[in-house]
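Residue strings, one per chain:
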Amino acid sequence: MTTRISGLPRRCVFCGGQPLTVEDVFPLWLGDYLGREPAYRVFSAGIGGGQRRGFRGLSMTARARRVCRDCNSGWMSSLESEASALIKPLLNETLPIPLTGGSGGNLTLLARWAMKTALMIQCVQRGSAIPPTVYEHFYATQLPPPSPQCQMFLARHTKHGISDGATSIGWSVKGPPSSAGAFAYEGEMYGVTFWIANVVLQIIGYVPIVPAAGTFTLNYPSPYWGYVEQFWPAIAGITWPLSRPVLDDPGLIAFSRALRGMLPSGASPGVV
Ligand SMILES: [Zn+2]
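Anyway, here's the lowdown on the structure attached to this text.

### Observations regarding the nonpolar core
Step number 1: Within the largest apolar cluster, 58 residues are counted, with the highest numbers of intra-cluster contacts made by Phe14, Met115, Leu154 and Phe194.
Step number 2: Those residues in contact with Leu154 that lie beyond four places of it in its chain are Leu99, Leu110, Val199, Val200, Leu201, Tyr227, Val228, Glu229, Phe231, Ile238, Trp240 and Leu242.
Step number 3: Core analysis: the second largest hydrophobic core is formed by 19 residues, Tyr185, Val200, Ile204 and Leu247 among them.

### Describing the coordination of the zinc ion
Step number 1: Within the protein, the zinc ion binds to Cys12 (SG), Cys15 (SG), Cys68 (SG) and Cys71 (SG); these donor distances fall in the range 2.3 Å.
Step number 2: Here the zinc ion is ringed by 4 donor atoms whose angles at the metal span 101 to 115°, and the overall shape comes out tetrahedral.
Step number 3: Coordination of the zinc ion draws on donor residues from a single chain, spaced C-x2-C-x52-C-x2-C in sequence. Note that Cys15 is positioned in the segment before strand S1 (20–24) and Cys68 in strand S3 (residues 63–68), a separation of 53 residues in sequence.
Step number 4: Relative accessible area serves as the criterion here: at 33%, Cys15 is assigned to the partly exposed category.

### Digging into the environment of Ala166
Step number 1: Along the chain, the position of Ala166 falls in strand S6 (residues 164–174).
Step number 2: With 29 residues separating them along the chain, Ala166 and Trp195 place their C-alpha atoms 6.5 Å apart.

Conventions adopted
Residues numbered from 1 in each chain as written. Predicted model: local features only at pLDDT ≥ 70, side-chain atom pairs only at ≥ 80, totals over all residues. Heavy atoms only, no water. Core = buried A, V, L, I, M, F, W, Y, C linked by side-chain atoms within 4.5 Å. Buried < 20%, exposed > 50% of the residue type's maximum accessible area, 1.4 Å probe, protein only. Contact = heavy atoms within 4.5 Å. Donors = N, O, S within 2.8 Å, 3.2 Å for Na, K, Ca; no water. Tetrahedral: all angles 85-135°; square planar, octahedral: opposite > 155°, others 65-115°. Helix = DSSP H or I, 4+ residues; strand = E, 2+ residues; numbered from the N terminus.

In structure tokens, the structure reads:
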């Protein structure tokens, strides 16, 4: 599927280059590995309440014409080959997989792959929940934004439910105005949750405008805190499969929608 996002220049979302080529949102190796037939499903309607973006299932064969040839066949292709060796055993769950932090650790690789996939998912949804500066940063550094402006979580989902999908939510935060008329803080928050079979990845970020070095404190929804493991910024190490409860279908949907409760530090509910 190719979706054109109107109002944006037809240039590479990462480097601004041309010509554009068609890139698979989920790499072909993944659909092949899982033996998935091409399919497209919509699980549920959009989320209201002043927040942008929607909630929909994703096909393993979703494609987007938003990336240039050099990015597609260069760094993106290298990242996919590197990541496939890590992701396949995570999907398999036949052996315990040690996941380690640090610059050479596979948690950093997982975080890079999750960020790239989350950025590509935006290209087949109605506009990007993730601000353009995050694309630029990722292209320049090949790393997700550092903590505390980006945090990632890993969870496990039952293999017998909704197989693949994604939610993306982006929203602006502001307030409260100071006596000088400026806002105490202002920025853009985004949250992307996607799941492939048993592997659930969630990315939460904040792009501060005021103050420029603004941070956020995650108010993670408590019913699901026990299900998730934070892995970015990279921790010392964890073992997959996680020794935590497994999300069922209703839990997975609630978990991904719980992003609506996220606020930057100092914010109070209702400030959007
Ligand atoms: Zn490019």
